[in-house]
Amino acid sequence: MKKTKRHFEKVGPMKVPSRIAGGTLDLYLYTFKTGNNYFALKKGKIEGKSNVLFRINSNCVWADIFGSARCDCAEQLHEAMRRIVKNKEGLMIHAYNQDGRGLSLKDHVRVYMEQDKGHDTIEADRRSGFNNPDRRNYNEIIQILKDMDIKGVQVLTNNPHKVSSIIDAGIKVKKVIPIEAVKIDKYNIGQLYMKKKVLGHDFYSFDLDDPKIKKMFEESLKKWSHGEYDSYMWKC
C-alpha cells in the first residue's frame, strides 16, 4: 500500500503538568510546510478510538497571554483543558497561527484599533480590508486527527463551521458540546453578540432580541470593550 506523503514534522510527546488543567497532558508540536504550528494536547490512550472528547482551539494572544476581557477565548481554552483532564481522555489541538480568526498579529492589532473607534468585530474586519469575517481553514487539523488515528469525536465548540469541517473530512461527530466558559458582560458582549448574530455560534445564555442585551452591546461598542477595566481579576 502506498504511504500518504506527510506535510508536517511532528515532535513529542513532552509532559505538561498544568496548573490550568489540574492534571498532566502529553504535548506534541506539529509544524507544517505552510509554516503553521499546532500544539496537540493529549490525555490518555485515544488512538483508534471513535468517541474522543475534542477541542479545536484557535490562538488569541490578547486573551491567552494578556487576559483581555474583550472575548471568551482564554476561558474557553482553560475550560476545555479542565474537561479533558477530568474526562481522563481527550485531545485539544491549539492552532498557534489562527489569531483573530486567521489574521497575522499585525492585522489583528489593526482590527482591534478599529474596534477602539466603536466598531463591532465584523465591521472592524471589513474596515481593515477583510470582507470574510472568518478566514480559518481546518485542513491541517484534520491531518493531525488522522495522524493520531481518531475515528470519531465529541466536539467542545460553539462554532458550527468547525463541526462541518470535521464531518466533511470523514471523521464522525458523535456529539457537539457547547462550551460557554464566561458570563456575558459589558466587556465581551461586543464580540460574543456578533459571533452569534453573524457567524452563527451557538451561545445559549442570551437572546439577540432581548432589549437589555442590545443595549449592553451598544454601550460596549461605545465605551466598555475598549474602556477602563473595573471588574474581577483572574486568581493566577
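The notes below deal with the structure included here. (Residues numbered from 1 in each chain as written. Predicted model: local features only at pLDDT ≥ 70, side-chain atom pairs only at ≥ 80, totals over all residues. Heavy atoms only, no water.)

**Some words on the packing of aromatic side chains**
Line of reasoning, step 1. Scanning all chains against the criterion turns up 9 aromatic pairs.
Line of reasoning, step 2. When the ring of Y187 is compared with that of Y229, the centres are 4.7 Å apart and the planes differ by 50 degrees; the resulting orientation is tilted. Remark: Y229 occurs in the segment after α9 (211-222) and Y187 occurs in the loop between β7 (172-177) and α8 (189-197); sequence separation between them is 42 residues.
Line of reasoning, step 3. The class of Y229 is partly exposed, set by a relative accessible area of 35%.
Line of reasoning, step 4. Aromatic ring contacts, followed pair by pair, group F8, Y30, F32 and Y38 into a single cluster.
Line of reasoning, step 5. In this structure, R135 is placed above the aromatic ring of F130, and the distance from its NZ or CZ to the ring centre is 5.3 Å.
Line of reasoning, step 6. A cation over a ring is seen here: K186 above W224, with NZ or CZ 3.5 Å from the ring centre. (Phe/Tyr/Trp six-rings, centres within 6.5 Å; stacked < 30°, edge-to-face > 60°. Helix = DSSP H or I, 4+ residues; strand = E, 2+ residues; numbered from the N terminus. Buried < 20%, exposed > 50% of the residue type's maximum accessible area, 1.4 Å probe, protein only. Lys NZ or Arg CZ within 6 Å of the ring centre and 35° of its normal.)

**Section: the environment of D210**
Line of reasoning, step 1. Considering the arrangement of structural elements, one finds D210 in the loop between α8 and α9.
Line of reasoning, step 2. What makes D210 partly exposed here is its relative accessible area of 29%.
Line of reasoning, step 3. Through-space distance from the C-alpha of D210 to that of M81 is 32 Å; in sequence the pair is 129 residues apart.

**Looking at the pairing of β7**
Line of reasoning, step 1. The sheet contact formed by strand β6 (residues 152-156) and β7 spans 5 bridges and is parallel. Note that in β7 the partner of G152 across the bridge is K172.
Line of reasoning, step 2. Crossover β6 to β7 through helix α7 (residues 160-168) is right-handed. (Pairing = 2+ DSSP bridges. Right-handed = clockwise from strand over helix to strand, strands pointing away.)

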